[in-house]
Amino acid sequence: MSLNVEQVTTAVTRLRHMYPDAHCELNYETPIQLLAATILSAQCTDERVNQVTPTLFARFPDAPALAAADRAELEEIIRPTGFFRQKAKFIQESAQTIVHEYGGEVPQRMEELLKLNGVARKTANVVLGEIYGRAEGITVDTHVKRIAYRLGWTTTNDDPVKVEQELMALIPQESWIEISHLLIFHGRALCKARRPDCPACPLRDICPEGQRVIG
DNA sequence: ATCCCGAGGG
DNA sequence: CCCTCTGGAT
């Protein structure tokens, strides 16, 4: 067993102890609502997503409503999350496809989810893991990508698909859903993009980046 | 490689 | 001012 595989086991144990409640923090009631919230979460804190989704879901509660929504009204509601024109387009077109092609139900297969405009592997992995408990891959967002690279678990920091493949080869499948939540919580708390708090980090002894930082 | 895009922190 | 936040399409 390679060094990194042992490090992953060690890291998961420590992170689990540090963030026993790590989970998806997006608020939603239904699969289509999670899909919409996840699209909104691109380059945006989930805290801000949760500020707009109550209004969004009150006004457009399901796929038919989102599909038929007035685009300008939809854009206005989600504006604070940034990229609001693209996100409104993605949410509405996905809702229309789901209504017309999938009987109003969010598809349960990766292949079908990836056909939705605005949905790539990150969003598909969130939906599959959160709604159906299915781990076909690993959710690689900005936190997961950054921390995996710092830990030396991946060789690239700019190709999320390659990062996901390398992590899938390194991490046992039963941890695929959990690892993303743990790394996201860790990214927000300590292993931040700007000024990571390495002195407080429980992974410092197994982190090349942490040992380079002074403090 | 570039564009979409707002809000908060340093 | 610059950087970052559960990205994706062109």
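Each remark here, short or long, concerns the structure printed above.
Each value, and the rule that gives it
- Residues numbered from 1 in each chain as written.
- Chains lettered and ligands numbered in written order.
- Predicted model: local features only at pLDDT ≥ 70, side-chain atom pairs only at ≥ 80, totals over all residues.
- Heavy atoms only, no water.
- Near = heavy atom within 4 Å.
- Polar contact = N/O pair within 3.5 Å; in protein donor to acceptor, adjacent residues only side chain to side chain.
- Helix = DSSP H or I, 4+ residues; strand = E, 2+ residues; numbered from the N terminus.
- Nonpolar A, V, L, I, M, F, W, Y, C, P; charged D, E, K, R; others polar.
- Salt bridge = Lys/Arg side-chain N within 4 Å of Asp/Glu carboxyl O.
- Buried < 20%, exposed > 50% of the residue type's maximum accessible area, 1.4 Å probe, protein only.
- Core = buried A, V, L, I, M, F, W, Y, C linked by side-chain atoms within 4.5 Å.
- Contact = heavy atoms within 4.5 Å.

1. Brief notes about the protein's contact with DNA strand C
Right, so step 1: The immediate surroundings of DNA strand C are formed by 28 residues, with Gln43, Asp46, Thr123, His143 and Arg146 found nearest.
Right, so step 2: Within the backbone of aspartate 46, an N or O atom sits 2.9 Å from a phosphate oxygen of DNA strand C.
Right, so step 3: Backbone polar atom of glycine 118 to a phosphate oxygen of DNA strand C: 3.0 Å apart, as the coordinates give it.
Right, so step 4: Secondary structure elements with two or more residues in the surface near DNA strand C: helix H6 (84–101), helix H8 (121–132), helix H9 (142–151) and helix H11 (176–189).
Right, so step 5: Of the residues assigned to the surface near DNA strand C, the class counts are 11 nonpolar, 10 polar and 7 charged.

2. Quick notes on the protein's contact with DNA strand B
Right, so step 1: Around DNA strand B, the neighbouring residues are Gln43, Arg48, Arg79, Pro80, Gly82, Phe83, Phe84, Arg85, Gln86 and Arg194.
Right, so step 2: Expressed as a percentage, the sugar and phosphate content of the atoms of DNA strand B within 4 Å of the protein is 56%.
Right, so step 3: In this structure, a sugar or linking oxygen belonging to DNA strand B sits 3.0 Å away from a side-chain N or O atom of arginine 48.
Right, so step 4: One nitrogen or oxygen atom from the side chain of arginine 85 is found 2.8 Å from a phosphate oxygen belonging to DNA strand B.
Right, so step 5: Here the surface near DNA strand B gets 3 residues from one element, more than from any other, and that element is H6.
Right, so step 6: Class assignment for the residues of the surface near DNA strand B results in 3 nonpolar, 3 polar and 4 charged.

3. Some details on the pattern of salt bridges
Right, so step 1: Summed over all chains, the structure comprises 12 salt bridges.
Right, so step 2: Note that arginine 109 is salt-bridged to glutamate 112, the shortest N-O span being 3.0 Å.
Right, so step 3: Exposure remark for arginine 109: the relative accessible area of 39% places this residue in the partly exposed category.
Right, so step 4: We note a salt bridge from arginine 212 to glutamate 209, for which the minimum N-O separation is 2.9 Å. Here arginine 212 and its partner glutamate 209 are both found in helix H12 (residues 208–212), 3 residues apart, which amounts to about one turn of the helix.

4. As for the nonpolar core
Right, so step 1: Among the nonpolar cores identified, the biggest contains 38 residues, and Leu35, Leu56, Phe60, Leu66, Ile78 and Leu113 are the most heavily contacted of them.
Right, so step 2: Broken down by secondary-structure element, the contributors of at least two residues to this core are helix H2 (31–40), helix H3 (46–59), helix H4 (63–68), helix H5 (71–78), H6, helix H7 (110–113) and H8.
Right, so step 3: Sorting elements by how many residues they give to this core places H2 first, with 7 residues.
Right, so step 4: Those residues in contact with phenylalanine 60 that sit more than four places away from it in its chain are Ala65, Leu66, Ala69, Glu73, Leu74 and Ile77.
Right, so step 5: Counting 29 residues, the second-largest nonpolar core is a separate cluster that includes Ala135, Ile138, Leu151 and Ile206.

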